[in-house]
Amino acid sequence: MSAPEASQGRVAVITGAGRGIGRAVALVLARAGYSLCLAARSRDELEETRSQSGLSHERALIVLVDLATEDAPDLLIGAALDCYGRIDVLINNAGWAPPRTPLLKMRPVDVDRMIAVNLRAPIALTRLAAAAMTAQGAGTIVNVASTAASKAPSGEAVYAATKAALIAFTRAAFHEMRLSGLKLSVIVPGLVDTALIPNNKRLARAAMLSTADVAHAVMQIVNSPAGACPVEVMLEPQLDPERPR
Ligand SMILES: NC(=O)c1ccc[n+]([C@@H]2O[C@H](COP(=O)([O-])OP(=O)(O)OC[C@H]3O[C@@H](n4cnc5c(N)ncnc54)[C@H](OP(=O)(O)O)[C@@H]3O)[C@@H](O)[C@H]2O)c1
């Protein structure tokens, strides 16, 4: 059976699917035969992802949610289950950081938003999706962290802390999920060439990872047998773009 046939009738929920890594992941999952639930705040960007996927509206549901709000995870998983009746893959990709800001100048509202979007929402979504997947007997959840967790430059302390916590959460929950027949993994990319990374003369965009690189790693996890699912996949760019040249 080819990959698209094997995925027929399967459903993937992708947060932050409107651009960058999330869009690339959504497009490879669509090519593999999945129906999609695309989540973010910007309707136009999600519609562009749906259009690029070539899927009909019936097979690519758009859910507008601000994952900083407490009820967003329930709304999103509820919408996916109402539409499709199952969830096979959850990609916790949405993430946010303000421009680099010294800790003492960081606004409390931005600290709260990073914790909510980068950590609280993926934990809540993992719990909700895992409940549905356990009833189905299988499912895959992939969290998207960052190498900033261990080597963030100054000005990114809170972002680094949220991503380190997401890695710790994944490692700790991995075995629990496996006992329920589910796969849980975290991808830890270095710099990826997306709009999240500001243009800066010290950063060579060509040396960064591409969104396709990250999407490829996601698909390896999605397609891995349960016993061979890695708990963590680290992706390094070609060069350390922070190194002065
Ligand atoms: N780019 C990198 O170098 C890099 C490296 C390592 C890890 N990562 C991680 O990879 C993930 C994706 O990053 P990216 O570079 O693709 O970023 P991006 O291009 O800025 O895309 C982020 C996506 O997340 C959505 N999003 C942001 N805040 C949201 C919120 N409050 N509620 C719902 N959706 C929200 C955005 O849509 P809306 O704005 O429309 O809501 C957008 O679709 C993030 O978790 C990021 O931390 C990125």
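Anything mentioned here points back to the structure above.
Model, not experiment: these values are computed from the prediction. (Residues numbered from 1 in each chain as written. Predicted model: local features only at pLDDT ≥ 70, side-chain atom pairs only at ≥ 80, totals over all residues. Heavy atoms only, no water.)

### Quick look at the sheet that holds strand β3 (residues 60–64)
So, step 1. Strand order in the open sheet formed by seven strands is β3-β2-β1-β4-β5-β6-β7, with parallel pairing between adjacent strands. Each edge of the open sheet carries a strand with a single partner, namely β3 and β7 (232–235). The average undirected angle you get between the axes of adjacent strands in this sheet is 15°.
So, step 2. Relative to strand β6 (residues 182–189), strand β5 (residues 139–144) runs parallel, the two being bridged by six bridges. Note on β6: the bridge partner recorded for Asn 143 is Val 186.
So, step 3. Each of β2 (35–40) and β3 touches helix α3 (residues 43–53); the most contacted strand, β3, lies at about 170° to it. (Pairing = 2+ DSSP bridges. Helix = DSSP H or I, 4+ residues; strand = E, 2+ residues; numbered from the N terminus. Axes fitted to C-alpha atoms, helices over the stretch in contact; angles between N-to-C directions. Contact = heavy atoms within 4.5 Å.)

### Description of the pairing of β2
So, step 1. By the criterion of burial, β2 is predominantly enclosed, with six of the six residues buried.
So, step 2. By the alternation rule, side chains of β2 split into Ser 35, Cys 37 and Ala 39 and Leu 36, Leu 38 and Ala 40, which are all buried.
So, step 3. Strand direction decides the pairing type here: strand β1 (residues 11–15) and β2, joined by five bridges, are parallel. When the bridges of β2 are listed, Thr 15 appears paired with Ala 39.
So, step 4. With respect to chirality, the unit in which β1 leads through helix α2 (residues 20–31) into the neighbouring parallel β2 is right-handed.
So, step 5. In this structure, β2 lies alongside β3, joined through five bridges in parallel fashion. Residue pairing for β3: Leu 38 is matched across the bridge by Ile 62. (Buried < 20%, exposed > 50% of the residue type's maximum accessible area, 1.4 Å probe, protein only. Right-handed = clockwise from strand over helix to strand, strands pointing away.)

### Quick notes on the pattern of salt bridges
A side chain of one charge can pair with a side chain of the opposite charge when the charged atoms of the two come close.
So, step 1. On inspection of all chains with the given rule, the structure shows nine salt bridges.
So, step 2. For the salt bridge of Glu 45 with Arg 19, the shortest nitrogen-to-oxygen distance reads 2.8 Å. Within this pair, whereas Glu 45 is found in helix α3, its partner Arg 19 is found in the loop between β1 and α2, the two being separated by 26 residues in sequence.
So, step 3. Overall, Arg 19 belongs to the partly exposed group, its relative accessible area being 47%.
So, step 4. The salt bridge partner of Asp 66 is Arg 113, with a shortest N-O separation of 3.1 Å. Residue Asp 66 is located in the loop between β3 and α4 (72–84), and its partner Arg 113 is located in helix α5 (residues 108–136); the two are separated by 47 residues in the primary sequence.
So, step 5. Residue Asp 66 is classed as partly exposed on the basis of its relative accessible area, which comes to 23%.
So, step 6. We classify Arg 113 as partly exposed; its relative accessible area is 25%. (Salt bridge = Lys/Arg side-chain N within 4 Å of Asp/Glu carboxyl O.)

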